Amino acid sequence: MIKVVVLDIEGTTSPTSSVREDLYGYTRDRLPGWLAENTGGAADPIIEATRAQAGRPDADAAEVAEILINWLNTDVKSEPLKAAQGVICAGGFRSGALHGEFFPDVPPVLRAWRDAGLELYIYSSGSVRNQKDWFAFARGGDLSPLISGHFDLSTAGPKREASSYEKIASAIGVPPEQILFLSDHPDEVDAAVAAGWQAIGVTRPGEPNSPRGDHRWISDFADVEPN
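Here the structure is a predicted model, which is why all the values come from computation and not from measurement.

Regarding unusual backbone geometry
Its identity is not glycine, yet D75 carries a phi of approximately 60°, on the positive side. Counting through the fold element by element, D75 comes out in the loop between α3 (61–73) and α4 (79–95). Taking relative accessible area as the criterion, D75 reaches 23% and is therefore assigned partly exposed.

Section: the nonpolar core
Counting residues in hydrophobic clusters, the biggest one holds 51 residues, and the most contacted among them are V5, L35, L110, W113, F135, L182 and F221. No other element matches the eight residues that α3 contributes to this core. For F221, the contacting residues outside a window of four places in its chain are L7, T12, T13, D105, V106, V109, L110, W113, L182, V202 and R204. Listed in part, the 19 residues of the second largest apolar core include Y123, A156, I172 and A191.

Thoughts on the environment of G140
Following the sequence through the fold, G140 ends up in the loop between α6 (128–136) and β3 (149–151). In this structure the C-alpha to C-alpha distance between G140 and P176, which are 36 residues apart in sequence, comes to 33 Å.

As for the pairing of strand β5 (residues 198–202)
Counted residue by residue, β5 has four buried out of five residues, so it is predominantly covered. Where strand β4 (residues 179–183) lies against β5, four bridges are found, and the strand directions are parallel. Residue L182 lies in a different strand from β5, and its bridge partner there is I200. Assessed by its sense of winding, the connection that carries the chain from β4 through helix α8 (residues 186–194) to β5 is right-handed. Examined bridge by bridge, β5 and strand β6 (residues 217–218) share two bridges and lie parallel to one another. By the bridge assignment for β6, V202 is matched with I218.

Focus: the pattern of salt bridges
The full count for this structure, using the stated rule, is 13 salt bridges. For D75, the salt bridge goes to K77, with nearest N and O atoms at 3.1 Å. Taking the relative accessible area as the measure of exposure, K77 reaches 38% and is therefore partly exposed. In this structure, R114 and E119 form a salt bridge, with 3.4 Å as the shortest nitrogen-oxygen distance. Each of E10, R20, D75 and K77 takes part in a single network of salt bridges with overlapping partners.

Calculation rules
- What you see as residue numbers is a count from 1 along each chain, following the sequence as written.
- Totals for whole chains, interfaces and linings use every residue, but because this is a predicted model, local features are given only for residues with pLDDT of at least 70 and side-chain atom pairs only at 80 or more, for both listing and counting.
- Only hydrogens and water are set aside; all other atoms, that is, all heavy atoms of the structure, feed into the side-chain values.
- Each helix is a run of DSSP H or I of at least 4 residues and each strand a run of E of at least 2, with the numbering of both proceeding from the N terminus.
- Only protein chains enter the accessibility calculation, which uses a 1.4 Å probe. A residue is then buried if its area is under 20% of the maximum for its type, exposed if over 50%, and partly exposed in between.
- Nonpolar cores were defined as sets of buried Ala, Val, Leu, Ile, Met, Phe, Trp, Tyr and Cys residues, with membership established by side-chain atoms within 4.5 Å.
- Two residues qualify as a contact provided that any one of their heavy atoms is within 4.5 Å of a heavy atom in the partner residue.
- Should DSSP find at least two bridges between two strands, the strands are regarded as paired.
- Note on handedness: a crossover is taken as right-handed if, strands pointing away from the viewer, the path from the first strand over the helix to the second is clockwise.
- One side-chain nitrogen of Lys or Arg within 4 Å of one carboxyl oxygen of Asp or Glu is enough to make a salt bridge.

Given below as structure tokens:
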């Protein structure tokens, strides 16, 4: 019996375009200024982590901004980038410039699953801070009370590695066979199954990833019956 459902965001609960155009665009426009204004303070851990990952120990704030924007444009899954994005976008959510966008089938099904006693968790490459804001400032109303916890690259690890899913199962304290994972990315579905989870692929019109492998694929959360 499934006790926990773990959800990806981009392409699964939410349109990829809303993440890459809205969040990425907001970050891209503000990143150089934020790094320059916060050097010697909040930006320093991000600058140091970027230098280390890029192998550029002497990069100044402007050069770090160029590195991070390049990673943003090429969709590199970088912890310092996601951390910077979380901080920068927090202001956008609170000012009303940004909202969490969801496919229409998602909010009512999440509520139904919670009402049925399932625990819901998020596992996304976006920072935990961004994830929480995405649900709290959802267009149409706050969805954050439905979510029991969040995992990202820094707390769980890469999404295409089985060890990350093993780490999440251990943190949640539920046997892997009682966890259902939903994602639009075939490699992530493969990794979850390799860790002993149940997994279903999500394929929606207009989204970039296509079904692959022997997994079950759905296009509407209403087609999932976790129990």
